[in-house]
Amino acid sequence: MSLTANNLPQHPPIDPAAVPGSGPQARTRPEPERLARAALSRLAEPGDTTLGRWLVRLDALDVVRAIRGDAPAEQLGVDAARLAAFRARAVDLDPVADLERVRAVGGRFVIPGDTEWPSQLDDLGEGRPTGLWVVGTGSLRLLALRSVAVVGARACTAYGAHVAGDLAAQLAERGWVVVSGGAYGIDAAAHRGALAVGGPTVGVLACGVDVAYPRGNTALIRRIGEQGLLVSELPPGEHPTRFRFVLRNRVIAALTRGTVVVEAALRSGALSTARRARDLNRHTMGVPGPVTSELSAGVHALIRSGAAVVVTDAAEVAELIGAIGEDLAPQRSGPVLPRDLLEPEAARVLEAVPATAEGAPVERLARQSGLPPDEVLQRLYELGSLGHVERHGAHWRLVRRR
C-alpha cells in the first residue's frame with residue numbers, strides 16, 4: 001500500500017510550540033507547511049525521490065506525520081531500511097531553530113507556493129527541492145528568470161579563469177544573472193567577473209548558506225550574499241560531501257536558462273551540470289580550449305557529441321538563451337579590403353600588374369589577365385582613379401603605399 005492521505009497514522013504534526021527552543025519566546029510562529037518542509041530538508045538528502053513522491057500527493061505536514069508515526073514500511077510504500085533512516089533523523093529535528101538560524105544571518109526559507117519560488121525548479125519532478133535556504137536581498141524568482149550558469153573545472157588554467165571572468169562580466173553587463181557553485185576555479189572566476197561590473201550573481205551551495213566552503217572563498221561567498229544570493233537545499237550548519245556536490249548541480253541546471261561549460265576534464269563534475277541541463281531541455285554550451293589541454297577534453301567531447309553548442313563570448317550565449325530576434329549576436333567576418341569591392345574583371349587586371357618599379361605595358365597585362373587590350377585599358381583607368389595603379393610612361397605599375 002502506498003502513502004496516501006487516507007492511510008496516514010494518526011500522529012500530531014509538528015507544532016512550533018512543541019519544538020525545543022520555540023514556544024512563547026520565539027520571535028515568529030512559522031506557518032505549518034514551511035515548518036514541515038524545513039524539517040524535511042534536514043530529514044532527507046537533496047533530491048530524495050521517495051520523499052518527492054510523497055510530496056506530490058501530500059502536504060509536507062502529512063509526510064512528517066507519517067514518518068514520525070509507527071506505521072509499517074509496507075503501508076507507507078517504502079522499504080524498511082529507508083524508513084528506519086528517516087525515523088532515525090526525525091528524532092533530532094528542530095526546524096524552528098533552523099529557521100531562526102538562517103534568519104540570524106539575514107536569510108529565509110523559500111518553499112513552493114511562495115512568490116519567490118522559481119517555478120522552473122518544478123521541472124525536476126520528484127527530485128524537486130523541498131525548499132531553498134536563501135541569503136541575500138534580491139528575489140530568487142526574478143533573478144532566475146534571466147540567468148545563465150557558468151561552470152567548469154576547479155583546477156582550471158589561466159586561460160579558463162580569464163575566459164570565465166570575461167564571459168561573466170559581459171553577461172552581467174547585458175543584464176544576465178550569472179549562476180555558479182561558489183567553488184574554486186571556474187566558479188569563482190565567473191562570480192568575480194559578474195561582481196566586478198556590479199552585476200548580481202547567485203551561488204548555489206552544497207552546504208548550508210551559513211557555512212563558507214571552500215574556506216579560501218570565504219570573502220567571495222560573503223560578497224555574493226551581499227550583492228546577489230546564496231542558495232542551498234541543505235539547512236544551516238550542514239557541510240558538503242561529494243554526493244551533495246553532484247546533487248547541487250541539478251539545481252544549477254534547472255534554475256537557469258542555459259549552462260556554459262568553460263573548462264572540464266573528461267570526468268569533471270561540471271559535465272554533470274551540462275548533462276542535467278540538456279535533459280531538462282535547457283541550452284547547453286561549451287567554450288572550446290586548446291586541443292592539447294586535458295582540462296578542455298570534456299568540453300570538446302560534449303560539443304562533438306552534439307550535446308553542446310560552441311560559444312566564445314556573451315553575445316553568442318545571449319543569442320541562444322535570449323529572446324528570439326532581440327538578443328542576436330553580430331555577424332562575424334574578416335576586414336573588408338578595397339580589393340574585395342572590385343568587379344571580377346578589374347580584380348583580374350589588378351592581379352596582372354607586376355609589383356615592380358617599371359610596371360608593364362597594356363599588351364602584357366592583356367595576355368596575363370586573358371582580357372582584350374581595350375577592356376584592360378579601361379579597367380586600368382578605373383583602378384587608377386581608385387588609387388590602386390598609376391601610369392608610368394607606356395607602362396602601368398602598382399601604387400606604392402606607405
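Residues numbered from 1 in each chain as written. Predicted model: local features only at pLDDT ≥ 70, side-chain atom pairs only at ≥ 80, totals over all residues. Heavy atoms only, no water.

## Remarks on the sheet that holds strand 11 (residues 389-392)
Next, step 1: Pairing is antiparallel in the open sheet, where three strands are placed in the order 10-12-11. Only two strands of the sheet have a single neighbouring strand rather than two, namely strand 10 (360-361) and strand 11.
Next, step 2: Docked against the sheet, helix 17 (residues 373-385) engages strand 11 and strand 12 (395-398), running at close to 115° with respect to strand 11. (Pairing = 2+ DSSP bridges. Helix = DSSP H or I, 4+ residues; strand = E, 2+ residues; numbered from the N terminus. Contact = heavy atoms within 4.5 Å. Axes fitted to C-alpha atoms, helices over the stretch in contact; angles between N-to-C directions.)

## What to know about the pairing of strand 12
Next, step 1: Of the pairings in the sheet, the one linking strand 10 to strand 12 comprises two bridges and is antiparallel in character. Within strand 12, the position partnered with Pro-361 by the bridge is His-395.
Next, step 2: Relative to strand 12, strand 11 runs antiparallel, the two being bridged by four bridges. Residue pairing across strands places Glu-390 opposite Arg-397, the latter belonging to strand 12.
Next, step 3: The hairpin turn running from strand 11 into strand 12, its antiparallel successor, is two residues long, and Gly-393 in that turn takes a positive phi close to 70°.

## Section: the environment of Leu-171
Next, step 1: Within the element layout of this structure, Leu-171 appears in helix 8 (residues 158-173).
Next, step 2: For Leu-171, a relative accessible area of 0% translates into the label buried.
Next, step 3: Taking the C-alpha atoms as reference, Leu-171 lies 9.9 Å from Val-197; in sequence the two are 26 residues apart.
Next, step 4: Beyond its immediate sequence surroundings of up to four residues, Leu-171 is in contact with Val-148, Val-150, Trp-176, Val-178, Ala-314 and Val-317. (Buried < 20%, exposed > 50% of the residue type's maximum accessible area, 1.4 Å probe, protein only.)

## Re the environment of Gly-106
Next, step 1: Structurally, Gly-106 is set in the loop between helix 6 (95-104) and strand 1 (107-110).
Next, step 2: The contact partners of Gly-106, leaving out residues within four places of it in the chain, are Val-135 and Gly-136.

## Regarding the pattern of salt bridges
Next, step 1: With the rule as written, the count across this model stands at 22 salt bridges.
Next, step 2: Across the salt bridge formed by Arg-244 and Glu-238, the nearest N and O atoms sit 3.0 Å from each other.
Next, step 3: Through salt bridges with shared partners, one network takes in Arg-42, Glu-45, Arg-89, Asp-98, Glu-238 and Arg-244. (Salt bridge = Lys/Arg side-chain N within 4 Å of Asp/Glu carboxyl O.)

## Focus on helix 17
Next, step 1: Between its terminal C-alpha atoms helix 17 stretches 19 Å, which fits the 18 Å expected from 13 residues at 1.5 Å a residue.
Next, step 2: Inspection of helix 17 places Val-376, Arg-379, Leu-380 and Leu-383 among the buried residues, and these make up the whole buried set. Buried residues along helix 17 cover an arc of 110° about the axis, so they all sit on one side. Residues of helix 17 that are exposed and point over 90 degrees away from its buried face: Asp-374 and Ser-385. (Expected span 1.5 Å × (residues − 1). Arc of directions from axis to C-beta.)

## A look at empty space enclosed by the protein
Next, step 1: For the coordinates displayed, the defined rule picks out three cavities of 30 Å³ or more.
Next, step 2: Reported here for the largest cavity is a volume of approximately 120 Å³.
Next, step 3: For the largest cavity, the lining is made up of 14 residues, of which Glu-45, Pro-46, Gly-47, Thr-130 and Glu-233 are closest to its centre.
Next, step 4: Where the lining of the largest cavity is concerned, the elements lending two or more residues are helix 1 (32-43) and helix 2 (49-57).
Next, step 5: For the lining of the largest cavity, the leading source of residues is helix 2, giving three residues.
Next, step 6: Of the residues belonging to the lining of the largest cavity, the class tally is six nonpolar, four polar and four charged. (1 Å grid on protein atoms, 1.4 Å probe; cavity = no way out; pocket = protein on both sides within 12 Å on 5 of 7 lines; lining within 4 Å. Points joined across faces, edges and corners; volume = space filled by probe spheres on them. Nonpolar A, V, L, I, M, F, W, Y, C, P; charged D, E, K, R; others polar.)

Shape is all these values report; function is a separate question.
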